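Take a look at the letters that make up each chain.
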Amino acid sequence: MAMTDTGGAGTHTTEPEASDSLRTFGAVVQALREHAGLSRGDFAPLVGYSKHTVASIELGRRMPDDGFVERAEAALGNTGVLRRAAQHLSRRPGLAAWFRRWARLEAVASSLATYECRLIPGLLQTKAYARTLFVNQLPPLGDDQIDAQMTARLERQRLLRERPNTAYSFILEEHLLLRRMGGAAVTRELLDHLLDLAGLRNIELQIMPLVRESHAGLGGPVQLLETRENKWFGYCEGQESGQFVSDAKVLSMLQMRYARMRSQALTLEDSLSLLRRMRGAL
């Protein structure tokens, strides 16, 4: 049974995964690139991605988006091979079926906004915090399943540091840290990790205080992203399913709620101050 990474505690899926498809696609890209006499450094600007991203796609570690496929086709002779190969990339190891489309966009987004009230978002979790979630998953997971979950989650987290031009905004409920999931030591490490990430120029972290007389996020967790083409999409996750949002009216409503939550949450400076105080109390 394949495991998934949706950013949460992890869920089961019985859908089989074709884990070789990404590696096969990447190998085809590399073979065509080398046949054209292009280095990764030469090829990267032709497809509009960094040399490192090209390497990740060629090694089967990253899902290519439609833009990459089209630009790679143009750069490598318009043979149609990559378009055909991309049709078999609907399955991605470690990602739930309902999350895959979102994950493809997340990997190339120009901005990503996340509000979470249930647990620390997957992109921000430490290894110890994530393992605590997996170990306490019901029905219980086996060691191999937990390892698969960890691998998928850590792979997603590379986005924060590998995409310095992507703007990340996170709003977290204060009670997520007061819960001390995994114990004081796990929480202490988590707070250190959050403070470290908040020091990056492309990450904004705000805390929604425990006492708040009005709250625009009572509808639950939400994620919003903007593509490089300035298109917006949303994602709302439940326990065993997720909703991919592309309807303009729904997106407008979600953006309005997120904007209100940003004004209701503590400022960036006050949020960091609170995290430091919580860290000192442990």
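Considerations on the sheet that holds strand E2 (residues 167-173)
Reasoning step 1: Here we have 6 strands laid out as an open sheet, ordered E3-E2-E1-E4-E5-E6, and mixed in their pairing. Unpaired on one side and paired on the other, strand E3 (203-208) and strand E6 (242-245) mark the two borders of the sheet. Strand-to-strand twist across the sheet, computed as the mean angle between neighbouring axes with direction ignored, equals 10 degrees.
Reasoning step 2: Here helix H11 (residues 248-264) sits on the sheet and contacts strand E1 (111-116), E2, E3, strand E4 (222-226), strand E5 (232-237) and E6; the angle it forms with E4, its principal contact strand, is near 105 degrees.

Description of the nonpolar core
Reasoning step 1: Formed by 37 residues in total, the largest nonpolar core has its most connected members in Leu124 and Leu177.
Reasoning step 2: For this core, the element with the highest residue contribution is helix H10 (residues 184-198), accounting for 6 residues.
Reasoning step 3: Among the nonpolar cores identified, the runner-up in size contains 19 residues, and Val29, Leu38, Ile57 and Leu82 belong to it.

Examining the packing of aromatic side chains
Two aromatic rings are characterised by how far apart their centres lie and by the angle between their planes.
Reasoning step 1: For the coordinates displayed, the defined rule picks out 6 aromatic pairs.
Reasoning step 2: Residues tryptophan 102 and phenylalanine 244 carry aromatic rings whose centres are separated by 6.4 Å and whose planes lie at 70 degrees to one another, so their mutual orientation is edge-to-face. With tryptophan 102 in helix H6 (residues 100-106) and phenylalanine 244 in strand E6, the pair connects residues that are 142 residues apart, well separated along the chain.
Reasoning step 3: Taken together through their ring pairs, the aromatic side chains of Trp102, Phe233, Tyr235 and Phe244 make up a single cluster.
Reasoning step 4: It is arginine 228 that lies over the ring of tyrosine 49; its NZ or CZ is 4.6 Å from the centre.

Considerations on a nonpolar patch on the surface
Reasoning step 1: The grouping of Leu178, Leu210 and Val211 at the surface amounts to a nonpolar patch, some 320 Å² of accessible area in total.
Reasoning step 2: Inspection of the secondary structure assignment puts valine 211 in the loop between E3 and E4.
Reasoning step 3: With a relative accessible area of 72%, valine 211 lands in the exposed category.

About the thresholds
- Residues numbered from 1 in each chain as written.
- Predicted model: local features only at pLDDT ≥ 70, side-chain atom pairs only at ≥ 80, totals over all residues.
- Heavy atoms only, no water.
- Pairing = 2+ DSSP bridges.
- Helix = DSSP H or I, 4+ residues; strand = E, 2+ residues; numbered from the N terminus.
- Axes fitted to C-alpha atoms, helices over the stretch in contact; angles between N-to-C directions.
- Contact = heavy atoms within 4.5 Å.
- Core = buried A, V, L, I, M, F, W, Y, C linked by side-chain atoms within 4.5 Å.
- Buried < 20%, exposed > 50% of the residue type's maximum accessible area, 1.4 Å probe, protein only.
- Phe/Tyr/Trp six-rings, centres within 6.5 Å; stacked < 30°, edge-to-face > 60°.
- Lys NZ or Arg CZ within 6 Å of the ring centre and 35° of its normal.
- Patch = residues over 30% accessible without salt bridge, like charges linked within 9 Å, V, L, I, M, F, W, Y side chains within 5 Å.
- Areas by Shrake-Rupley, 256 points an atom, 1.4 Å probe, with all protein chains shown as cover.
- Salt bridge = Lys/Arg side-chain N within 4 Å of Asp/Glu carboxyl O.

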